[in-house]
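The primary structure of each chain is shown beneath.
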Amino acid sequence: MNSPRDSSRPEVGNLLRQIPAVDELLSREMLLELEGRVGHRLVVEATRKVLQSLRERILSGSLASVSGEWLEKEILGEAETAAGFSLQPVVNATGVILHTNLGRAPLAREALDHLAQAAAGYSNLEYDLERGERGKRDAHTDRLFGQLLGAERALVVNNNAAAVFLALNTLAEGSEVIVSRGELIEIGGSFRIPDVCAKSGALLREVGTTNRTRSSDYAAAITERTRVLLRVHPSNFRIVGFTERPGLDELVELARKHRLLVMEDVGSGCVVDLSPWGVRDEPPATLSLKAGVDVVTFSGDKLLGGPQAGILVGKREPLERIRKNPLFRALRVDKLTIAALEATVSLYLRGQLGSIPALRMMRLSRVEITPRAARLAERVSARPGFCAVVHEGDSVMGGGSTPGQALPTALVAVTHARHSAQELEQMLRCHKPPIIARVEENALLLDLRTVFEDQEDEIARAFETIS
Ligand SMILES: *Cc1c(COP(=O)(O)O)cnc(C)c1O
């Protein structure tokens, strides 16, 4: 028998000779039409790639004939994929509201409009309209968080990790920062308090124990090298039981006595009391400022429901120093982020929290989700081979906030006569647009809490393509 790679076999030679030349292919009507849509370069690249893989398949003996029609289709698919965006909208049917892998908080309509306006033209980003001279971009954020939180000063950087880094670098480089052992946290990815601290040039002084740290522990660790008492909100876990930590007012008092600063990383960006919205144990930044914390940092795209950003608010003097750090320039945000943030915060100021998608999704009750789930289950069940039922389950906030706090929801559990739940999950994921769902105990689970109502039809249609 011939080896499969033997190109001297007559049929292999025949097949290779049947491969059309690139130029001949490019002059075909379908590819000319494709070129009109995606451009010459992508069509040529796709053609070369498809022909190359065709040659390899012929040489390996896994192809018995060359069809011109098939070739054109392959090139079309290849070029269209290459011409498409890499960053694509997906349908989030996981029920995880601030899903970090899926881009955290979806923006409010108002934020999108303001962002589009700022993006499309010129703006007074760094221009003082009253004086007709150069201004500062933090004028916008100062005004915003002054209004929202009564902060003396506010700065916005790329994300909260950057905010913590910048603050520590400014306030404690080469000096000591005291942190409780119960707050040496890691947030998904690579944000770890000890590592950020080390990179900032600050020396970490751990005090207390994992579950109990007292004000006296901080006091005993203060030396002439100490600059900052750091408090970190343990976002994604809770220590319960025999626990203790000093109140913020105690820390502030201790810091004043020793002429130190108190800095707090509150993490999730809860800026108002969200307990009526079902959020517990997330300290609002307003409380920290009221207690006298000098610098408070939080994320823009977690509970705040805005764009990715790190927000620093607090007293004028330390924030002025942070502003003057050359690293601020490296970490600052662009006009698009400022616009989206401004419009999001303005919804808080107007008391229109329901217009912020993440908060709206959070507040949905099981009673509100059930009829939507039932409607989808009915449509899916009508398809041959499918069985879809509604059952009770839980959604979560995600984004490392409110751990262990479940939001009661209604799930659509789908099974199929021949396809496994994993196969269904994959087929939905490869749908255009991709639909991201969960698999649990051999069923595909869809949670409509995080699905916009106008996407429900898209999900039903995706099931119609599965046979
Ligand atoms: C999420 C979080 C961070 C990181 O914030 P990013 O905006 O994702 O950089 C830092 N600290 C705490 C306490 C957090 O919860």
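A brief look at the structure comes next. (Residues numbered from 1 in each chain as written. Predicted model: local features only at pLDDT ≥ 70, side-chain atom pairs only at ≥ 80, totals over all residues. Heavy atoms only, no water.)

1. Structural notes on the packing of aromatic side chains
Thought 1: Evaluated as defined, the whole model comprises two aromatic pairs.
Thought 2: Note on phenylalanine 145 and phenylalanine 298: the rings are 6.2 Å apart at their centroids and 70° apart in plane angle, and the pair reads as edge-to-face. You can see phenylalanine 145 sitting in helix H7 (residues 138–149) and its partner phenylalanine 298 sitting in strand E11 (residues 295–299), a full 153 residues away along the chain. In terms of burial, phenylalanine 145 and phenylalanine 298 fall into one category: buried.
Thought 3: Arranged with centres 5.4 Å apart and planes meeting at 90°, the rings of phenylalanine 386 and phenylalanine 463 form a pair that is edge-to-face. With phenylalanine 386 in strand E13 (residues 386–395) and phenylalanine 463 in helix H19 (residues 456–464), the pair connects residues that are 77 residues apart, well separated along the chain. For the pair shown, phenylalanine 386 and phenylalanine 463 are each scored as buried.
Thought 4: We note arginine 212 situated over the ring of phenylalanine 242; from NZ or CZ to the ring centre the distance is 3.8 Å. (Phe/Tyr/Trp six-rings, centres within 6.5 Å; stacked < 30°, edge-to-face > 60°. Helix = DSSP H or I, 4+ residues; strand = E, 2+ residues; numbered from the N terminus. Buried < 20%, exposed > 50% of the residue type's maximum accessible area, 1.4 Å probe, protein only. Lys NZ or Arg CZ within 6 Å of the ring centre and 35° of its normal.)

2. Here we look at the pairing of strand E14 (residues 407–416)
Thought 1: Counting buried positions along E14 gives eight out of 10 residues, so the element sits mostly inside the fold.
Thought 2: Where E13 lies against E14, 10 bridges are found, and the strand directions are antiparallel. Its bridge partner lying in E14, phenylalanine 386 is registered against histidine 416.
Thought 3: Relative to strand E17 (residues 443–447), E14 runs antiparallel, the two sharing four bridges. Paired with valine 412 across the two strands is leucine 446, which belongs to E17. (Pairing = 2+ DSSP bridges.)

By themselves, these observations are geometric and do not establish any function.
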